[in-house]
Amino acid sequence: MSVEAVLSRISEIRSQIDTLRGGSAAATAASSSTASSAASSSAFADALATATGTTGTGTATAAAAAAATTSSAPATSVDAGAGTLATGSGATGSDVVADAKKYLGVPYVFGGTTTAGMDCSGLVQTVFKDLGVTMPRVVPDQAKMGVEVGSLKDAQPGDLIIPKGEGHVVIYVGDGKVLHAPRPGKDVRIVDNWYSDADIATIRRIVPAQASATPATSATTAASSATDLQTAALLSMMQSGSAA
């Protein structure tokens, strides 16, 4: 294969990749009427299939391989719900702990939700409100939110621990410690967790324990993957020595 032929083929393949990225591969295929364009499309698909381990030829195979690099957008809810994580605010369990620590020393006041005084569920509701997540006001309702964590050994910072009877709620901060508003005469504090699995009604995770990939990150990853596939396809075609 001559240098001119290689450069021509590279130009054709790049055009095909740009078309696939723009989601218009089918329209381009329909409007392509020359034999050289059809051959280039098929050759690119074959090379891409070789690089990715897929089978089949043609632009449909190439489009399917490109689509496999994309990921679905995360949920965007900012309201706590049963059986789901509230991901819309972008808050994580670590953010929950960091915000809750702002209220250390606030006195316990039954029904309170401000720095003048708060109770256990008022503290929880206020912390999540600070982070842009809507939570119910009382413990029995808070105990239904988020996803259930199986046991203390699986608990992560920011998870809520609700004992049997659902008369109290504490925020797990990690390393066997919890943050809570205890009772009248006490203030918001961090203490060693005194609950065992046998004492617990449920452990709830309201927001993700760790940050997940954002749509922008996913798009960047997909673009990088497409570039890798392009390189692999070009190398495969040049090594095969085939010509249109």
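These numbers come from a predicted model, not from an experiment.

Chemist: In this structure, what is going on with the side chain of Ser151? I would like to understand it.
Modeler: Within the secondary structure, Ser151 sits in the loop between β3 (147-148) and β4 (160-163). With a relative accessible area of 11%, Ser151 lands in the buried category. Not counting the four nearest positions on each side in its chain, Ser151 is found in contact with Asp197 and Ile203.

Chemist: Sorry, what's going on with the pairing of strand β6 (residues 177-180) here?
Modeler: Both faces of the sheet carry side chains from a regular strand, because those side chains alternate between them. Alignment of strand β5 (residues 170-174) against β6, held across 3 bridges, turns out to be antiparallel. Residue pairing across strands places Tyr172 opposite Val178, the latter belonging to β6. If you look at the hairpin formed by β5 and β6, you'll find 2 residues sitting between the two strands, and Asp175 has a positive phi there, around 55°. Bridge count for β6 against strand β7 (residues 189-192) is 4 bridges, and the pairing is antiparallel. Following the sheet pairing, Lys177 is matched in β7 by Asp192.

Chemist: Just to check I follow, could you spell out the nonpolar core for this structure?
Modeler: Most often, soluble globular proteins keep nonpolar side chains buried together rather than apart. Formed by 31 residues in total, the largest nonpolar core has its most connected members in Leu123, Phe128, Met135, Leu160 and Ile206. Among the secondary structure elements, those contributing two or more residues to this core are α5 (93-100), α6 (120-130), β4 and β5. In terms of residues, this core owes the most to one element, α6, which gives 5 residues. Discounting residues that sit within four places of it in the chain, Phe128 has contacts with Val96, Val133, Met135, Gly158, Leu160, Ile206 and Val207. In this structure, Leu152, Val170, Tyr195 and Ile203 belong to the second largest nonpolar core, which totals 10 residues.

Chemist: Help me understand the pattern of salt bridges in this model?
Modeler: Pairing is possible between side chains that carry opposite charge, provided their charged atoms lie close to one another. Going through the model one piece at a time under the given rule, you end up with 7 salt bridges. A salt bridge links Asp154 to Lys153, with the shortest nitrogen-to-oxygen separation between them at 3.4 Å. Three or more residues are tied together by salt bridges with common partners; here these are Asp99, Lys102 and Asp130.

What counts, and where the lines are drawn
- Residues numbered from 1 in each chain as written.
- Predicted model: local features only at pLDDT ≥ 70, side-chain atom pairs only at ≥ 80, totals over all residues.
- Heavy atoms only, no water.
- Helix = DSSP H or I, 4+ residues; strand = E, 2+ residues; numbered from the N terminus.
- Buried < 20%, exposed > 50% of the residue type's maximum accessible area, 1.4 Å probe, protein only.
- Contact = heavy atoms within 4.5 Å.
- Pairing = 2+ DSSP bridges.
- Core = buried A, V, L, I, M, F, W, Y, C linked by side-chain atoms within 4.5 Å.
- Salt bridge = Lys/Arg side-chain N within 4 Å of Asp/Glu carboxyl O.

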